[in-house]
Amino acid sequence: MSGTFRLAQISDTHIRADDNGAAAAQLRRALMQARDYRADVILLTGDLVNDERADEYTVLAAAIADPPAPLYLMPGNHDNRAGIRTAFPRHAYLPRNGPLSFVIEEFPIRIVAIDDIVPGQTHGFLRREGADWLDEVLSAAPTKPTIVALHHPPFLTHDLLFDKIGLLDAGLFNSVIARHRQVVRVICGHHHRYAVGQSAHAPVIVAPSTSWTYGLAMDQGQEIAPKTTEQPGWVLHAGSTTGDFASHFMGL
Ligand SMILES: [Fe+2]
């Protein structure tokens, strides 16, 4: 493989079993675009399904049965770890116990995916164990350009609703990233809109949902995210082993 690399990040697919295949069709559309752009790897950054249901994971399994590139799954707050393990037994990179965190080593750029979900809760939380795992795996390859993926944004978005349900111990996460200069990007989802933030030296890219987009709730008293006509989409991250990197929003 050459020193260039393309990662298709597809997030918050929210697959349902009762929507006449609408969410799965959006995912398929994103996969076809990723194929057209010759993505080397595809990473789904959580909220794979809408309600943690086994029949939803069955719909997802059918939608990703023939991916155009190696495809990896991460959990979000709408997911169930046991449900993912049961539905995707061939995804051998998923640990058999505990958080579904893993490292992808076989590409020019290393991908570290960390499971930050809290079962039964909407927010993310890493805890000391998660931070120690991240620190350890990043210490193992200090010179290889690395992308760190998690579901919840590790920065304040100034959306008053989403900041209550973000990564609540983001300071701990960011203190780990600060120790590892090879991290060229942090990527996440959760917010259902495209956004850019910062984690220590690394830009953070928030991918939108393929299913629906939220507007911003920036004023006190707003209790639900406003509707918006902004476009769902995904993100194509392109870079090389020299560490240069660009992230492109792809509308659906
Ligand atoms: Fe979501």
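Residues numbered from 1 in each chain as written. Predicted model: local features only at pLDDT ≥ 70, side-chain atom pairs only at ≥ 80, totals over all residues. Heavy atoms only, no water.

Novice: Would you mind going over helix α2 (residues 54-63) in detail, with residue names and values included?
Specialist: Among the residues making up α2, those that are buried are Glu56, Tyr57, Leu60 and Ala63. When α2 is viewed along its axis, its buried side chains cluster within an angular range of 115° and face the same direction. Turned more than 90 degrees away from the buried face of α2 sit Ala54, Thr58 and Ala62, all of them exposed. At its buried positions, α2 is contacted by α1 (22-36), β2 (41-45) and α3 (81-87). (Buried < 20%, exposed > 50% of the residue type's maximum accessible area, 1.4 Å probe, protein only. Helix = DSSP H or I, 4+ residues; strand = E, 2+ residues; numbered from the N terminus. Arc of directions from axis to C-beta. Contact = heavy atoms within 4.5 Å.)

Novice: Quick one: what's the story with the environment of Asn77, residue by residue and with numbers?
Specialist: Structurally, the position occupied by Asn77 is in the loop between β3 (71-74) and α3. Since its relative accessible area comes to 13%, Asn77 is described here as buried. For the pair Asn77 and Leu216, spaced 139 residues apart in the sequence, the C-alpha separation amounts to 20 Å. What Asn77 contacts, discounting residues up to four positions off in sequence, is Asp47, Glu52, Ile117, Gln121, Thr122, His151, His152 and His190. A polar side-chain atom of Asn77 sits 3.1 Å from a polar atom in the side chain of His190. (Polar contact = N/O pair within 3.5 Å; in protein donor to acceptor, adjacent residues only side chain to side chain.)

Novice: Just give me the short version of the nonpolar core, but keep the residues and values in it.
Specialist: Core analysis: the largest hydrophobic core is formed by 49 residues, its most contacted members being Phe5, Leu27, Leu43, Leu44, Leu60 and Trp234. Ranked by residues supplied to this core, first place goes to α1 with six residues. Excluding its chain neighbours within four sequence positions, the residues that come into contact with Phe5 are Asp40, Val41, Phe107, Pro108, Ile109, Ile111, Ile147, His237, Ala238, Gly239 and Phe245. Counting residues in hydrophobic clusters, the runner-up holds 23 residues, among them Val112, Ile114, Ala131 and Leu138. (Core = buried A, V, L, I, M, F, W, Y, C linked by side-chain atoms within 4.5 Å.)

Novice: Break down a nonpolar patch on the surface for me, citing the residues and quoting the values.
Specialist: Together, Tyr194, Val196 and Phe249 give the surface a local cluster of nonpolar side chains, amounting to about 260 Å² of exposed area. Along the chain, the position of Phe249 falls in strand β11 (residues 245-251). (Patch = residues over 30% accessible without salt bridge, like charges linked within 9 Å, V, L, I, M, F, W, Y side chains within 5 Å. Areas by Shrake-Rupley, 256 points an atom, 1.4 Å probe, with all protein chains shown as cover. Salt bridge = Lys/Arg side-chain N within 4 Å of Asp/Glu carboxyl O.)

Novice: Now, about the packing of aromatic side chains: what can you tell me, with residues and values included?
Specialist: Tallied over the full model, the rule gives eight aromatic pairs. When the ring of Tyr72 is compared with that of Phe102, the centres are 6.2 Å apart and the planes differ by 25°; the resulting orientation is stacked. Of this pair, Tyr72 sits in strand β3 while Phe102 sits in strand β4 (residues 102-104), placing them 30 residues apart in sequence. Take Tyr72: its relative accessible area is 8%, and that puts it in the buried class. What makes Phe102 buried here is its relative accessible area of 3%. (Phe/Tyr/Trp six-rings, centres within 6.5 Å; stacked < 30°, edge-to-face > 60°.)

Novice: Run through the pairing of strand β5 (residues 110-113), naming residues and quoting values.
Specialist: The alternating pattern of β5 places Arg110 and Val112 on one face and Ile111 and Ala113 on the opposite face, and all of these are buried. Relative to β5, β4 runs antiparallel, the two being bridged by three bridges. What sits directly across from Ile104, in β5, is Ile111. The loop that links β4 with its antiparallel partner β5 comprises five residues. Relative to strand β6 (residues 146-149), β5 is paired through four bridges, and the arrangement is parallel. (Pairing = 2+ DSSP bridges.)

Novice: Any details on the coordination of the iron ion? Residues and values, ideally.
Specialist: Taken together, the protein ligands of the iron ion are Asp12 (OD), His14 (NE2), Asp47 (OD) and His192 (NE2), with distances of 2.1 to 2.2 Å. Around the iron ion sit four donor atoms; with metal-centred angles ranging over 89 to 178°, the donor geometry is irregular. Linear spacing of the donor residues for the iron ion on their chain is D-x1-H-x32-D-x144-H. In this pair, His14 is assigned in the loop between β1 (4-10) and α1 and Asp47 in the loop between β2 and α2, connecting sequence segments 33 residues apart. As far as the burial class goes, His14 and Asp47 line up, both buried. (Donors = N, O, S within 2.8 Å, 3.2 Å for Na, K, Ca; no water. Tetrahedral: all angles 85-135°; square planar, octahedral: opposite > 155°, others 65-115°.)

Novice: Would you mind going over the pairing of β11 in detail, with residue names and values included?
Specialist: Examined bridge by bridge, strand β10 (residues 233-240) and β11 share seven bridges and lie antiparallel to one another. When the sheet's bridge partners are listed, Leu236 is paired in β11 with His248.

Novice: Explain the packing of α1 against α2 to me, using residue names and the numbers behind them.
Specialist: Two elements in contact, α1 and α2, have axes separated by 10 Å at closest approach and are oriented at 25°. Of the possible angle classes, the one that applies to α1 and α2 is roughly parallel. In the crossing of α1 with α2, the sense of the turn from one axis to the other is right-handed. In this structure, α1 uses Ala24, Leu27, Arg28 and Leu31 to contact α2, whose residues at the interface are Val59, Leu60 and Ala63. Considered class by class, the residues forming the contact of α1 with α2 number six nonpolar, no polar and one charged. (Axes fitted to C-alpha atoms, helices over the stretch in contact; angles between N-to-C directions. Parallel < 35°, antiparallel > 145°, perpendicular 65-115°, else oblique. Left-handed = near helix turned anticlockwise from the far one by under 90°. Nonpolar A, V, L, I, M, F, W, Y, C, P; charged D, E, K, R; others polar.)

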